[in-house]
Structure formats: C-alpha cells, structure tokens
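Spelled out, the chains give:
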Amino acid sequence: MVVQLRPTKLNEFKGKRDIKDNLSIYIKSCLIQNKSLDHCLFYGLPGTGKTSLAYIIANELKRKIRIVQGNSIQRNIDIINLVLTLNELDILFIDEIHAINPACIEMLYAIMEDLVIDITLGKDFNSKVTRLKVPPFTLIGATTLLGKIPQPLEDRFGIVINLKTYDEQSIIEILKDSMTKLDLQLNDKEILLLAQNSKGIPRNANRLICRVKDFRTANVKFSIKHILRKLQIIDRGVNMDDFSYLKSIEQSKRALGLKTISQITGIDQYTIETKIEPFLISNCYVEKSIQGRVLTDKGRAFINQHQENVSN
C-alpha cells in the first residue's frame, strides 16, 4: 500500500503559520457565508506546498476540486470545456498556470471577474456573441514563474501567497510526521541530518525519508551518512550536479555565462536556472554579475572541504 505523505488538513500542514492562520480565516468566512473562496495564486519553488494547499482548501471547504496542468490549455475551447463542467462552489486548480497559451488567457478575465463566457457563434457577418453564465467557483493557480503571469491575470486573484523555502525546524516537523506514517524509527540526530540536506523543501525532505525507509528496510545498519552518499548528496543538500556546477566555475577561474556552464557540465540551461542556481545563489555559494556567475568565498570553501571525498 502506498503511504500518503501529503497533508490533507490545515492542522497537518507544517510551518508557514502566518499563511495557515490567514487561510483558516478566509475558509471560515466562506463557510459561514456559504460563498466561494476568492481566487488564489500560489507561487514559489517546486515542492514548497502549492498543490498541497489546493487540496487542503478543497478538503476544508468540503468542495470538489478539478485539477489540470497549464500546458494542457492551448485553445479557448479548452477553457470553455473546463469551466462548463464546474458546479457551484467547485474549485479549479491549474498547476503551472503560466504555461497556459497566452492567446487563451484573456478569456479567463471575464470568467474570473464577472463569471461569464462570451462565445462567438457563426462566421463574419452571420456571427453573434452568446453570453453564458458561470457558477461561482474558485480558481487556484500555482506557478514557479510568477514573472510569466500577465499582470491583468495576477490582479484578478484576491489571495496571492508566496511559498518560500522552509526553516529547519519546520522541515524537522515534516520529517517526524512522515517518519510516523512510514513506520520508520530515526533518532533526533538522524532527523536533523536529513533536514539539513533537504534544501528547505518539503518535497525533498519526503523524498529523502522515503529512500531512507528503502535502505533501512534492506539493511537496518545503513547509516544516514551512507544513504546520503548513495543518493549522491554531499552536504547541506548540495548534490553532484550542484557540485559539478560549482567546479566548472572554480576551474575556469573567471566569471562564466549560463551557456558555457551548460556546455562544461552537460546539464541543460533550463535545469541549471530552475533547479540548481536558486539554491546555490540564495545560500551564497554563487553570485551573478554582469560578466556571469562567480564563486563566493563560501562556494570555494565548500569545494575545498569536500573535494577529496567527492573524488573518492
């Protein structure tokens, strides 16, 4: 049986107290008034809880949720088909909402603001516009690229939440909760080590603890450090791809552009920009300059500290 680690209620969602407190008030208000929740936009790094919060809102409101990917909405008819299947007070969750075809986005404006769809029937001089009413509903959008959301679309979301990385204590709470669900025994030092290697991302933490469950099931004597090495995690969440990125800059002894780093490491530019750099830059291992990416003293110290172990 697959163990479900995703939280289903607000009180199960670890960390982010301010966000939870506000959402609890919005949800309570909706239930008292029997109305739809304002449209919500969640943005932040992958794995920080955007989808979990969408499910939680639906559960707390006791309402149905329809889930689609933004890149599956490429024509106006895709939006029409989606919206016309909604019942009153339903929730429509669009993951990676920035990936919707820009030509379709304008149709969302009237739907979100006025609860209407204008459909053109016929062609040329014989065409006429028919207006269809849409039942009150809540659109929840999630994105890892807020800058790609057109401003008029963003303005139509009444609730906008930035889900940043989590502090260490919140990650420890997530790991302890998942440990119980997985029927896994870990001591405080082991949990702390996993938390320190999760990059502040709940999805990373749960991925790690699931792999620990696998290794410990196979051999209870495997240490957490041994398991992390097997997973190619060096220290503080820095993995071999991250280290390869850092080494490419160090060995060049000059600032490097994204394309050059990609050619040296064999890692595509999109992965570098979206998966590798956010953590390394925010944690001061690397800086961006006009000339390109440069190592910080912290980045050099990390390489010097772990070079021998990585080589072995």
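Refer to the structure printed above.
Being a predicted model, the structure only gives us computed values, none of them experimental. (Residues numbered from 1 in each chain as written. Predicted model: local features only at pLDDT ≥ 70, side-chain atom pairs only at ≥ 80, totals over all residues. Heavy atoms only, no water.)

Q: Help me understand the overall build of the protein in this model?
A: Across its full length, the protein holds 13 helices and eleven strands. Summarising its shape, the C-alpha atoms of the protein cover approximately 75 × 50 × 35 Å along the three principal directions. Surface summary for the protein: the accessible area is close to 17200 Å², and the carbon and sulfur share equals 48%. Here the protein holds 44 positive side-chain charges and 35 negative ones, and the gap between their average locations is 4 Å. (Helix = DSSP H or I, 4+ residues; strand = E, 2+ residues; numbered from the N terminus. Areas by Shrake-Rupley, 256 points an atom, 1.4 Å probe, with all protein chains shown as cover. Lys, Arg positive; Asp, Glu negative; His and termini not counted. Charge placed at Lys NZ, Arg CZ, Asp CG, Glu CD.)

Q: I would appreciate a short explanation of the sheet that holds strand S1 (residues 40–44) in the present structure.
A: Sheet strands pair via backbone hydrogen bonds, and the direction of the pair is either parallel or antiparallel. Reading across the sheet, the five strands line up as S2-S3-S6-S1-S7 and stay open at both edges, with parallel pairing between neighbours. Two strands in the sheet have a free side with no partner beyond their single neighbour: strand S2 (65–69) and strand S7 (159–163). Between one strand axis and the next, the sheet turns by 15 degrees as a mean value, whatever way the strands run. The pairing of S2 with strand S3 (residues 91–95) spans five bridges and is parallel. Residue pairing in the sheet places arginine 66 in a bridge with leucine 92 of S3. (Pairing = 2+ DSSP bridges. Axes fitted to C-alpha atoms, helices over the stretch in contact; angles between N-to-C directions.)

Q: What is the right way to read helix H6 (residues 168–181) from this model?
A: At 3.6 residues per turn, the α-helix brings residues three or four places apart onto the same side. Taking 1.5 Å per residue as the helical rise, H6 with its 14 residues ought to reach 20 Å, and the 20 Å between its terminal C-alpha atoms agrees with that figure. Listing the buried residues of H6 in full gives Ser170, Ile171, Ile172, Ile174, Leu175, Ser178 and Met179. Buried residues belonging to H6 abut helix H7 (188–196) and helix H8 (202–218). Its side-chain oxygen placed 3.1 Å from the backbone nitrogen of glutamine 169, aspartate 167 serves as the N-cap of H6. Phi turns positive one or two residues past the end of H6, at aspartate 183, with a value near 55 degrees. (Expected span 1.5 Å × (residues − 1). Buried < 20%, exposed > 50% of the residue type's maximum accessible area, 1.4 Å probe, protein only. Contact = heavy atoms within 4.5 Å. Polar contact = N/O pair within 3.5 Å; in protein donor to acceptor, adjacent residues only side chain to side chain.)

Q: Whenever I open this one, the packing of aromatic side chains confuses me. Can you help?
A: Within this structure, the stated rule accounts for five aromatic pairs. On the basis of an interplanar angle of 50 degrees and a centroid distance of 6.5 Å, the ring pair of phenylalanine 13 and tyrosine 166 is categorised as tilted. Here the residue phenylalanine 13 occupies a position in the segment before helix H1 (17–33), and tyrosine 166 occupies one in the loop between S7 and H6, the gap between them amounting to 153 residues. Classification of tyrosine 166 as buried rests on a relative accessible area of 8%. On the numbers, 5.7 Å between centres and 75 degrees between planes, the contact of phenylalanine 215 with phenylalanine 222 is edge-to-face. Aromatic rings pair up to connect Phe243, Phe279, Tyr285 and Phe302 into one cluster. Geometry around tyrosine 166 places lysine 16 over its ring, the cationic atom sitting 4.4 Å from the centre. Of note, lysine 298 hangs over the ring of tyrosine 285, and the distance from its end group to the ring centre comes to 4.7 Å. (Phe/Tyr/Trp six-rings, centres within 6.5 Å; stacked < 30°, edge-to-face > 60°. Lys NZ or Arg CZ within 6 Å of the ring centre and 35° of its normal.)

Q: Looking at this structure, I do not really get H8. What am I missing?
A: For H8, with 17 residues, the first-to-last C-alpha span of 25 Å sits near the 24 Å given by 1.5 Å per residue. Restricting attention to buried positions, one finds in H8 the residues Pro202, Asn204, Ala205, Asn206, Leu208, Ile209, Val212 and Arg216. In this structure, the buried side of H8 is in contact with H6, H7, helix H9 (224–230) and strand S8 (233–235).

Q: Honestly, the nonpolar core in this entry has me stumped. Any pointers?
A: Grouped burial of nonpolar side chains is what soluble globular proteins tend to show. Counting 44 residues, the largest nonpolar core has Leu53, Ile57, Leu186 and Leu194 as the members making the most contacts within it. The element that contributes the greatest number of residues to this core is helix H2 (residues 50–61), accounting for six residues. For leucine 194, the contacting residues outside a window of four places in its chain are Leu175, Leu186, Leu208, Ile209, Val212, Ile224 and Leu228. If you look at the next biggest cluster of nonpolar residues, it comprises 27 residues, including Ile94, Ile105, Leu108 and Ile117. (Core = buried A, V, L, I, M, F, W, Y, C linked by side-chain atoms within 4.5 Å.)

Purely spatial values, then, with no claim about function.
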